[in-house]
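Observations on the three-dimensional arrangement
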Amino acid sequence: MDSINDIGGMAPNTRDAIQAYAASKASKEALEVQAADRHSRTTQFYKDIGVHAEGDHGSLPIATHDDAEKGLPESERSLDIGYGHKLTDEERESGEIYGISFANGLSDEDKGTILNKDMEQHAQYARAAGWDAKLKERGSSWDKLDHGFKLALTSLAYNVGGKKAGATWTSVLDAAVNKDTSAFAKNLRRLNNKKNTAGMDNRVIKEMFYSGLIKNASEVTGQLPLGNANHSGVPL
């Protein structure tokens, strides 16, 4: 028979089991809190990028204003809706995006739902197209990256297209693995219609700020010289 521990009158093995259970429960609860916090940060980041970087293109499809298509007749341009969602041929035909009808216009909630799904989808495309393999080569993985870097990378994937991001963006992963925000900003920088622009530099500043990687635009203006704190809406 087990001896009784003097403290609390409890058998040692019973006491240890209870302590182990309590520790396990506390650990599980902590992980749940962390997961909830990440989900909240992710949802807020998507919303911030949608509102402050993509902009609301409206509740009904419109001919895109993308610089790369400005020279085309409106009838030949791609169609945008919500926070920068480009309609696919299938969506045009069905009148639905992720099962959401846009025939009578999207609600604000619809726009947010579509943006969240787009962000996640393009991140998955990028990972499958190369990011997961490249991170593995570097002894890392998507899950090991700091959450802020993952958020900014997700916005990159959505902006340029997940498959393109996964195949061609590599140096930015080195910076993310090393948690080097300066190098990350430099390599997150991208062209708009084959040239650097203030608009795109400002977008990267917003991605860095809303992901929590920087607190002020001045931290990365050396890497994003065309960016402007006033225009980006990020504290100087």
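Right above here is the structure, for reference.
None of these values were measured; they are calculated from a predicted model.

The rules behind the values
Residues numbered from 1 in each chain as written. Predicted model: local features only at pLDDT ≥ 70, side-chain atom pairs only at ≥ 80, totals over all residues. Heavy atoms only, no water. Helix = DSSP H or I, 4+ residues; strand = E, 2+ residues; numbered from the N terminus. Buried < 20%, exposed > 50% of the residue type's maximum accessible area, 1.4 Å probe, protein only. Contact = heavy atoms within 4.5 Å. Areas by Shrake-Rupley, 256 points an atom, 1.4 Å probe, with all protein chains shown as cover. Polar contact = N/O pair within 3.5 Å; in protein donor to acceptor, adjacent residues only side chain to side chain. Axes fitted to C-alpha atoms, helices over the stretch in contact; angles between N-to-C directions. Parallel < 35°, antiparallel > 145°, perpendicular 65-115°, else oblique. Nonpolar A, V, L, I, M, F, W, Y, C, P; charged D, E, K, R; others polar. Pairing = 2+ DSSP bridges. Expected span 1.5 Å × (residues − 1). Phe/Tyr/Trp six-rings, centres within 6.5 Å; stacked < 30°, edge-to-face > 60°. Lys NZ or Arg CZ within 6 Å of the ring centre and 35° of its normal.

A separate point is the overall build of the protein chain. Counting its secondary structure elements, the protein chain contains nine helices and five strands. In sequence order, the secondary structure elements of the protein chain are arranged as α-β-β-β-α-β-β-α-α-α-α-α-α-α. Burial status across the protein chain gives 39% buried among its 236 residues. Within the protein chain, contacts between residues at least 6 apart in sequence are counted, and of these 56% link residues at least 24 apart. Approximately 13200 Å² of the protein chain is accessible, and the part contributed by carbon and sulfur atoms is 49%.

This next bit is on the environment of S211. One can find S211 in the loop between α8 (198-210) and α9 (229-232). Spatially, the C-alpha atom of S211 lies 8.1 Å from that of H147, the residues being 64 residues apart in sequence. Setting aside residues up to four positions removed in sequence, S211 forms contacts with R41, F45, G148, L151, A152 and K206. Separated by 2.7 Å, the side chain of S211 and the backbone oxygen of E207 make a polar contact. At 3.0 Å, the side chain of S211 and the backbone oxygen of M208 are in polar contact.

Orientation of helix α4 (residues 147-160) relative to helix α7 (residues 181-188), taken along the N-to-C sense of each, is 5°, at an axis distance of 12 Å. One finds that α4 runs roughly parallel with respect to α7. Taken together, the residues of α7 that come into contact with α4 (itself represented by F149, A152, L153 and L156) are T181, F184 and L188. Residues that form the contact of α4 with α7 fall into these classes: six nonpolar, one polar and no charged.

Turning our attention to the sheet that holds strand β1 (residues 62-63). By way of backbone hydrogen bonds, the strands of a sheet pair with one another, either parallel or antiparallel. With antiparallel pairing, three strands are arranged side by side in an open sheet as β1-β2-β3. Each edge of the open sheet is held by one strand with a lone partner, namely β1 and β3 (85-86).

This brings us to α4. Helical periodicity: at 3.6 residues per turn, an α-helix aligns residues three or four positions apart in one direction. With 14 residues, α4 should cover 20 Å at 1.5 Å per step; its first-to-last C-alpha distance of 20 Å lies within 8% of that length. Buried residues dominate α4, accounting for 12 of its 14 residues. Those residues of α4 that sit buried are H147, G148, F149, K150, L151, A152, L153, T154, S155, L156, A157 and Y158. In this structure D146 caps α4, since a side-chain oxygen of it lies 2.9 Å from the backbone nitrogen of G148.

Let us look at the packing of aromatic side chains. Taken as a whole and assessed by the stated rule, the structure comprises four aromatic pairs. With a centroid separation of 6.0 Å and 15° between ring planes, the pair formed by W131 and W142 is classed as stacked. With W131 in helix α3 (residues 108-137) and W142 in the loop between α3 and α4, this pair connects stretches of sequence that are 11 residues apart. Residue W142 is classed as buried on the basis of its relative accessible area, which comes to 9%. The lysine or arginine in question, K117, covers the ring of Y98, its NZ or CZ lying 6.0 Å from the ring centre. The positively charged end of K163 is found above the aromatic ring belonging to Y125, 5.5 Å away from the centroid.

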